[in-house]
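Single-letter residue listing:
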Amino acid sequence: MRTQTSVFIKNMVCRRCILAVEAVFESMSITPMSVSLGEVKLPAPISEAELLELNDKLKKKGFELIGDEKSVLLEKAKTLIIEVIHHKDEFDLKTNWSDFLSEKLGVDYAYLSHLFSTVVGITLEQYIIRQKVEKVKEHLFYDELSVKEIAYKLGYSSVAHLSSQFKKVTGLTPTAFKATHDIQKRNPLDQI
């Protein structure tokens, strides 16, 4: 039986990030069992020297190894939120974020929420809203869906609810943002 170990990596937010991280491992002649957002599963532990080299190479690509348990937990929470909002075709309108995160991460939501607020500086709810707003911006920029369709797709109860949250975060209504078509007003997911 083979031993499996995981390394956790900060700032992985998209499929291209997975490819970039895979390339780093390949450059070190390390073959992962799997690479997903925020986590690389290896068939066996790697040495401290390899970890240092890996972290150095990852930093050059905009990533970073995560070592402590609390940071790993926070990165896993962020990754789950990003996966659901940005990489799922349909948003489950019944998603209760507190139940979803508690179940997926195996921790009490109150603990996770407190830890997140303390370390990240915003609440989990604010982080989720900011991620949803970035997804709304993406949809508006590509102009493939109406605001009503976007609201439904992202699980908002109404266009008014989406517009209210969007304006609180951006200072603009979705319609005003769409009129500007300013890509500079979009934020990288790893900086939210």
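See above for the structure.
A few points on the structure. (Residues numbered from 1 in each chain as written. Predicted model: local features only at pLDDT ≥ 70, side-chain atom pairs only at ≥ 80, totals over all residues. Heavy atoms only, no water.)

## What about the nonpolar core?
The test is simple: Think of a nonpolar core as a cluster: buried Ala, Val, Leu, Ile, Met, Phe, Trp, Tyr and Cys residues, connected wherever their side-chain atoms sit within 4.5 Å. For the exposure calls, accessible area comes from a 1.4 Å probe over protein chains only, and a residue counts as buried if that area is under 20% of its type's maximum, exposed if over 50%, partly exposed in between. Segments assigned H or I by DSSP are reported as helices when at least four residues long, segments assigned E as strands when at least two residues long, and all are numbered from the N terminus. Contacts between residues were defined by any pair of non-hydrogen atoms, one from each residue, lying within 4.5 Å.
In terms of nonpolar packing, the biggest core is built from 51 residues, with Ile-9, Met-12, Val-21 and Phe-25 touching the most fellow members. It is helix H3 (residues 69-87) that provides the largest number of residues to this core, a total of eight residues. Leave out the neighbours within four places in its chain, and Met-12 touches Cys-17, Ile-18, Val-21, Val-35, Ser-36, Leu-37, Gly-38, Phe-63 and Thr-79.

## A word on the packing of aromatic side chains
Our working definition: Between the rings of Phe, Tyr and Trp (Trp by its six-membered ring), a pair exists once the centres lie within 6.5 Å; its type follows the angle of the planes, with under 30 degrees stacked, over 60 edge-to-face, and the other angles tilted. A ring is considered to have a charge above it if a Lys NZ or an Arg CZ atom is located within 6 Å of its centre and within 35 degrees of its normal.
Using the criterion set out here, one finds four aromatic pairs in the structure. Arranged with centres 5.7 Å apart and planes meeting at 75°, the rings of Phe-166 and Phe-177 form a pair that is edge-to-face. Separated by 11 residues along the polypeptide, Phe-166 in helix H8 (residues 159-170) and Phe-177 in helix H9 (residues 174-180) bring together distant segments of the chain. The class for Phe-166 is buried, based on a relative accessible area of 1%. Across from the ring centre of Tyr-156, 4.3 Å away, lies the NZ or CZ of Lys-132, which sits over that ring.

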